Amino acid sequence: MGRSAVTRADPGAGAWQRLSPVALVFLIVRALQKFIRENLVVFLGAGASVAFVERLGMRELLLGASALFLIIVVTTAIYHRRFRFRVEEDAVRVRRGVLEHKELRIRFSRVQNVQLGEPVYFRPFGLVQFSLETPGAAEREVELPGIPRRLAEEIRDRIVGARAAVGADNEVADELAADEAGRMEQGADAVTPVLLHAPGVGRLFVHGLSSNQVWVVAGVVVYALDLVFRQTADSLAMTQLVAWLETQFSAGWSAVLPLLAGVLAALLAAGGAAALLRFHPYRLHDYGQRLVGSGGVLERREQTLRRDKLTGVVLQQSPVGRLLGCWVLAGLQTRSDGRGNEVSQRSFLVPGLRAADRLLVGRLYPGAVVPAAFEPIHIRYRSWWLGRGFLVVAGVLGALLVTLGREHAAILPLTVLLVLLPPLVWLRWRQWGWWLDRTVIWVRRGLFGQRLEAFELARVQQVQLRSSPYLRRHGLVTLVLVLPQGLVQLPFMAEERAAALANQALFAAETALRHRV
Amino acid sequence: MTASAPEGTFTNPAVAAEMLPDFRAVALVPVVQAYAPYAVVAAVLGWLAPLGAALLAWSAAAAGLLPAALGVLAPFVLGGLLLIAAINGVFAALDARRRAWALREHDLIYRSGVLWRRSVIVPFARIQHVETVSGPLERRFGLTRLKCYTAGGAGGDLTVAGLDRETARRVRQFLLERIRDGDDDRPAAVSSSHGAQRGDEG
């Protein structure tokens, strides 16, 4: 697997290359993970696994599992054996597939981000997992698991500094793109990196505490425990555990509260530790045309984002994050499924920000400053949701009371919801807001947590004004801005305001230099 | 709109919001007359299969092939289905009267909806590709739909229904020319697969 394949002396004629044998381990691990993730939910969700284990013996189950495992290993091995890739002058070409053969050619100028991952077991071999994304794809489009680090780094550098390597046509394109981002650096490598953000262990731990993932994991754990409990309910150990728990509970709140607090603390600590494992030691560097985030204890990850392909940013705070004063920043890019503005584990995340670190937005997205105040949406938002909410909840509650009597389990939560509705609606309304700062528009929403999204008005792909009979009666509309990363809605806007903003967005989009995604 | 930037010299002076061209000031063109009957037929046609099934069940019950209880129920089901089909037809007719569109110098405007109304404005500079589609029923009425795709996923396409064949063709041609003009400014920032699609249409 020589470097000669990608040197300039041999342009466009790089030989087809294969993945390293170690990559097979990675592929199998991932295939298993994927299988479990996709199918466990089905099994658990249907409660089928319980019925399954009861009907079948343990031996049959193990036999079936090993057969499945074998099938997965064999298919993955075939995939691995057939996988070929080739690095060309201005593109990377991949051939892959087991039953259906697929050949992809991705032009470097189309790539919007690159990721290098280094799982623990790749390290002794000097291998990395290389992946890239283009605007057309919903998933990572090209993944090269298990290629030498130097080769991966060379491809990465060619992608981010594509101008140097490609023909005249693309030079124009890239120069224009650079203009738009307000950056005119000559070549990516000539720039000395600027360290933008380096959160310490404490900040990353706090990030883990405030990430919503803890609660998702807790839910799964509780569900799994429930299943285990059902399976082993009559075993001796379980009987003893139940007896112990019963004595604890019979002792009253004084014994239960520490227990609950202990469980909660363990969960939170697990969340914090998971964030540390994933991000530590996190560094965000600015290389001019590209932004690079790196970190990770077990799997070292390096995400490279092309600045001119950044279509917006999100500043987000979960409810716990709000208590702890912890923000997370995410860079948004074009996604073909229109869900690019959802912040997920795959996004370009900058973790562990304090309120003061929000200034970073301006470094990531030139011209963006977190506004001090937001313009609220119309107050009718509250009356509409209160009216409809009351009608629905009170209706269900009334029906339950009439038909089932006062003992029904849903009565209490519904009554609580009825009482809490006004403050909830008020909180939600208060979070909604927008602010136009010259060319950048900010949209805020949330309930207990909050989320601030910023993008250039000129990036708008489409403007929609939607209205229902209620909205029209009160001279209101919902303004929808379609962006490369997805939709952004502003509900209950006064029609005049919405129309003015729509006109401004259209003007910005129509007078900007053309930038297709 | 006169503010299109000359090539290469991009300036961006501040513009007062009230000076901007207002999309609401544009007189929209209603969709062609033939669209209303087409929409009504299309809305009612979907209910023909269940209506037919109900009729069949009724006659089968009358002939003693099915339990008599079904024969008693069938007229009500039939009546209900007819009512729903009629309401759908009326809504389709009203909707057809609301649908309108317009081309400005730099964008395409389309308005639709009866109760839940929607106006969509798509700048030409953001359209990725354009296609015209017509089903068998639309062809009978001489209608063609125009689909414009922009980035932004599922929310990123606009379908202009209710154009006659000739208008749809002309608008498509116009839009493709505008897109091509844009491409002259900035060539080839499109992947090979998208390039192929665009080539097909051009």
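Keep in mind that this is a model prediction, so the values were computed, not measured.

A.B. asks: Please give an account of the packing of helix α2 (residues 48-62) of chain B against helix α3 (residues 68-98) of chain B that cites residues and values.
C.D. replies: Residues and elements named next belong to chain B. Remark: α2 packs on α3, axes separated minimally by 8 Å, with the N-to-C direction vectors making an angle of 160°. In this view, α2 runs roughly antiparallel relative to α3, as classed from their interaxial angle. Handedness of the crossing formed by α2 with α3: left-handed. Two secondary-structure elements touch here, α2 through P50, L51, A54, L55, A57, W58, A61 and A62 and α3 through A68, L70, G71, A74, P75, V77, L78, L81, L82 and A85. Among the residues making up the contact of α2 with α3, the classes are represented as 17 nonpolar, 1 polar and no charged.

A.B. asks: Describe unusual backbone geometry, with residues and values.
C.D. replies: With the exception of glycine, most residues fall at negative phi, and the peptide bonds are largely trans. Residues and elements named next belong to chain A. Each neighbour pair has its own omega, and for H280 with P281 the value is -10°, a cis peptide bond. For R438, which is not glycine, the phi dihedral falls at a positive 50°. As for its position among the elements, R438 is in the loop between β15 (433-437) and β16 (440-446). According to the C-beta neighbour criterion, R438 is exposed, with 11 such atoms within 10 Å. At F492, a position not held by glycine, the phi torsion is positive, near 50°. As for its position among the elements, F492 is in strand β20 (residues 486-494).

A.B. asks: Tell me what's going on with the pairing of strand β5 (residues 127-133) of chain A, and back it up with residues and numbers.
C.D. replies: Residue and element names in this part refer to chain A. Of all 7 residues making up β5, 6 are buried, and the element is well covered by its neighbours. With 5 bridges connecting them, strand β4 (residues 113-118) and β5 associate as antiparallel partners. Within β5, the residue paired with Q115 across the bridge is S131. Both β5 and strand β6 (residues 142-148) contribute to a ladder of 6 bridges, which runs antiparallel. Bridge pairing in β6 links Q129 to P145.

A.B. asks: Summarise the domain arrangement of chain B; cite the residues concerned and give the values.
C.D. replies: Residue and element names in this part refer to chain B. Assigned domains within chain B: domain 1 (38-95) and domain 2 (100-187). The centre of domain 1, based on its C-alpha atoms, is set 36 Å off from the matching centre of domain 2. Of all elements in the fold, only α1 (35-45) and α3 reach the threshold of two or more residues within the side of domain 1 that touches domain 2. Residues belonging to the side of domain 1 that touches domain 2 are distributed by class as follows: 5 nonpolar, no polar and 1 charged.

A.B. asks: Help me get a handle on the pairing of strand β10 (residues 300-306) of chain A, residues and values and all.
C.D. replies: Along a regular strand, successive side chains alternate from one face of the sheet to the other. Residue and element names in this part refer to chain A. The buried fraction of β10 amounts to 5 of the 7 residues, a majority that puts the element mostly inside the structure. Sheet topology places strand β9 (residues 290-295) next to β10; 6 bridges connect them, and they run antiparallel. Residue pairing across strands places R290 opposite R306, the latter belonging to β10. In this structure, the hairpin formed by β9 and β10 is closed by a connection of 4 residues, where G296 is found at a positive phi of approximately 120°.

A.B. asks: So what's going on with the packing of helix α13 (residues 380-404) of chain A against helix α14 (residues 411-431) of chain A? Which residues, and what values?
C.D. replies: Residue and element names in this part refer to chain A. Here α13 crosses α14 at 175°, and the two axes come no closer than 10 Å. One finds that α13 runs roughly antiparallel with respect to α14. The residues of α14 that touch α13, namely those facing Y381, R382, W385, L386, G389, F390, V393, A394, V396, L397 and L400, are I411, L414, T415, L417, L418, L421, P422, V425, W426 and W429. In the contact of α13 with α14, the residues fall into 18 nonpolar, 2 polar and 1 charged.

A.B. asks: Before we move on, could you go through α3(B) and cite the residues and values that matter?
C.D. replies: Residues and elements named next belong to chain B. For α3, built from 31 residues, the straight-helix expectation of 45 Å at 1.5 Å per residue is met to within 8% by its first-to-last C-alpha distance of 46 Å. Along its length, α3 reaches its greatest deviation from straightness, about 30°, at A74, and the proline P75 lies no more than four positions downstream. Buried within α3 are the following residues: A74, A92, D95 and A96.

A.B. asks: Could you give an account of the sheet that holds strand β3 (residues 102-107) of chain A, with specific residues and numbers?
C.D. replies: Strand pairing within a sheet occurs via backbone hydrogen bonds; the two strands may be parallel or antiparallel. Residues and elements named next belong to chain A. With respect to topology, 3 strands assemble into an open sheet ordered β1-β2-β3, the strand pairing being antiparallel. With partners counted over all chains shown, the strands left at the sheet margins are β1 (84-87) and β3, one partner each. For this sheet, the mean angle separating the axes of adjacent strands, direction not counted, is 10°. Direction of pairing for β1 relative to strand β2 (residues 91-96): antiparallel, over a ladder of 4 bridges. Each residue of the ladder has a partner; that of V87, found in β2, is V92.

A.B. asks: So what's going on with the domain arrangement of chain A? Which residues, and what values?
C.D. replies: Bring the parts together and some accessible area is lost; that lost area is often taken as the interface size. Residue and element names in this part refer to chain A. Partitioning chain A into structural domains gives domain 1 (202-279), domain 2 (310-377 + 432-511) and domain 3 (380-429). For domain 1 versus domain 2, the separation of C-alpha centres amounts to 36 Å. If you look at the interface, domain 1 gives 10 residues, while domain 2 gives 8 residues. Only α7 (201-210) and α10 (253-279) provide two or more residues apiece to the side of domain 1 that touches domain 2. Take the side of domain 1 that touches domain 2: its biggest share by element is 6 residues, from α7.

A.B. asks: Just give me the short version of the sheet that holds β5(A), but keep the residues and values in it.
C.D. replies: Residue and element names in this part refer to chain A. The strand order across the open sheet built from 7 strands is β6-β5-β4-β10-β9-β8-β7, with neighbouring strands paired in antiparallel fashion. Looking at the sheet topology across the chains shown, the edges are occupied by β6 and β7 (194-197). Adjacent strand axes in the sheet meet at a mean angle of 20° when their direction is disregarded. Bridge count between β4 and β10: 6 bridges; the pairing is antiparallel.

A.B. asks: Could you give me a rundown of the confidence of the model for chain B, with the residues and numbers involved?
C.D. replies: Any region with low pLDDT has predicted coordinates that should not be read closely. Residues and elements named next belong to chain B. For chain B, mean pLDDT is 80; residues scoring 70 or higher make up 80% of the total. Segment residues 1-8 is flagged for pLDDT under 50; beyond a separation of four residues in sequence, or across chains, it makes 12 contacts in the model. Between residues 184-202, whose pLDDT stays under 50, and residues either more than four places distant or in other chains, the model counts 32 contacts. Model confidence for the complex: the whole-complex pTM is 0.80, and ipTM, which rates the interface, is 0.79.

So, how was this worked out
- Residues numbered from 1 in each chain as written.
- Chains lettered and ligands numbered in written order.
- Predicted model: local features only at pLDDT ≥ 70, side-chain atom pairs only at ≥ 80, totals over all residues.
- Axes fitted to C-alpha atoms, helices over the stretch in contact; angles between N-to-C directions.
- Helix = DSSP H or I, 4+ residues; strand = E, 2+ residues; numbered from the N terminus.
- Parallel < 35°, antiparallel > 145°, perpendicular 65-115°, else oblique.
- Left-handed = near helix turned anticlockwise from the far one by under 90°.
- Contact = placed C-beta atoms within 7 Å.
- Nonpolar A, V, L, I, M, F, W, Y, C, P; charged D, E, K, R; others polar.
- Buried ≥ 20, exposed ≤ 12 C-beta atoms within 10 Å, placed from the backbone.
- Pairing = 2+ DSSP bridges.
- Domains from an automatic or database assignment.
- Expected span 1.5 Å × (residues − 1).
- Bend = angle between axes of the 7 residues up to and from the residue.
- pLDDT = per-residue confidence, 0-100.

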